[in-house]
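Residues per chain, in single letters:
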Amino acid sequence: MKNVAILAGLGLLAITGSAIAQPSDGPRRERGADINRQQVIERTAQRFDRLDRNHDGRLTAEEAQEARNEHREQRAGRAFARLDLDRNGSVTQAEFEQARSQLRGQRGEPRAERGMRRGGRFMRRAHNADAMRSGRMFGEQGFITREQFQERALARFDRQDQNRDGTVTIAERREASQHRRQQRHEQRSRD
């Protein structure tokens, strides 16, 4: 039973812990930094190359799922490494408690007070959203080309670039994010 609790906690920390993005081939953009159109083009090309596993110029749902699974495994491995403080290949209850208290200290408040919601309903909703995005993204043909992938990224960029200066700022990203949340809320209330 103790092992199950530790594994469940490990999973929780992997989900709620600080997200570490998959390494890219080029220099990383500083979080919150402005991004211009050329950077979007370069990053989209890098991401497509990473996702297109067989390098045939077509990204399929299976390749995208494979990349997501690999990314999840890497995150779980990093989470385990953060928990295994003595590097002996196992996580004790004491190591888990220490990691949890450090995480709370970094965030400043207990999870229950923040009102975070995890569990079956949240996970089902996330899974359903992935399935819907996947269906829309790959369409009837079952794949997306590099050009289509780039067009979609640039369309998102253009929607966010409100002043049309060729650069998206953190303020523009925040406003676009709030707008998307508002649209999802309105959609849910209609359903």
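As a reminder, the structure under discussion sits directly above these lines.
**Thoughts on the packing of aromatic side chains**
The full count for this structure, using the stated rule, is 1 aromatic pair. Between Arg58 and the ring centre of Phe143, over which it is positioned, the NZ or CZ distance is 4.1 Å.

**A few points about the side chain of Gln160**
Tracing the backbone shows Gln160 in helix α7 (residues 146-160). Look at Gln160 and you get buried, because its relative accessible area is 18%. Here Gln160 is in contact with Val168, Glu172, Arg173, Ala176 and Arg180, once residues within four sequence places are set aside.

**Focus on the nonpolar core**
Of all hydrophobic cores here, the largest spans 8 residues; its members are Phe48, Leu51, Leu59, Ala64, Ala67, Phe138, Ile144 and Phe149. Listing elements by their share of this core, those giving two or more residues are α2 (37-51) and α3 (61-83). Among the nonpolar cores identified, the runner-up in size contains 6 residues, and Ile35, Ala153, Leu154 and Phe157 belong to it.

**Observations regarding α2**
Here α2 spans 21 Å end to end across 15 residues, near enough to the 21 Å set by a 1.5 Å rise per residue. The set of residues buried in α2 consists of Val40, Thr44, Phe48 and Leu51. All buried residues of α2 lie within an arc of 65 degrees about the axis, which places them on one face of the element. At its buried positions, α2 is contacted by β1 (35-36), β2 (58-60), α3, β3 (143-145) and α7.

Conventions and cut-offs
Residues numbered from 1 in each chain as written. Predicted model: local features only at pLDDT ≥ 70, side-chain atom pairs only at ≥ 80, totals over all residues. Heavy atoms only, no water. Phe/Tyr/Trp six-rings, centres within 6.5 Å; stacked < 30°, edge-to-face > 60°. Lys NZ or Arg CZ within 6 Å of the ring centre and 35° of its normal. Helix = DSSP H or I, 4+ residues; strand = E, 2+ residues; numbered from the N terminus. Buried < 20%, exposed > 50% of the residue type's maximum accessible area, 1.4 Å probe, protein only. Contact = heavy atoms within 4.5 Å. Core = buried A, V, L, I, M, F, W, Y, C linked by side-chain atoms within 4.5 Å. Expected span 1.5 Å × (residues − 1). Arc of directions from axis to C-beta.

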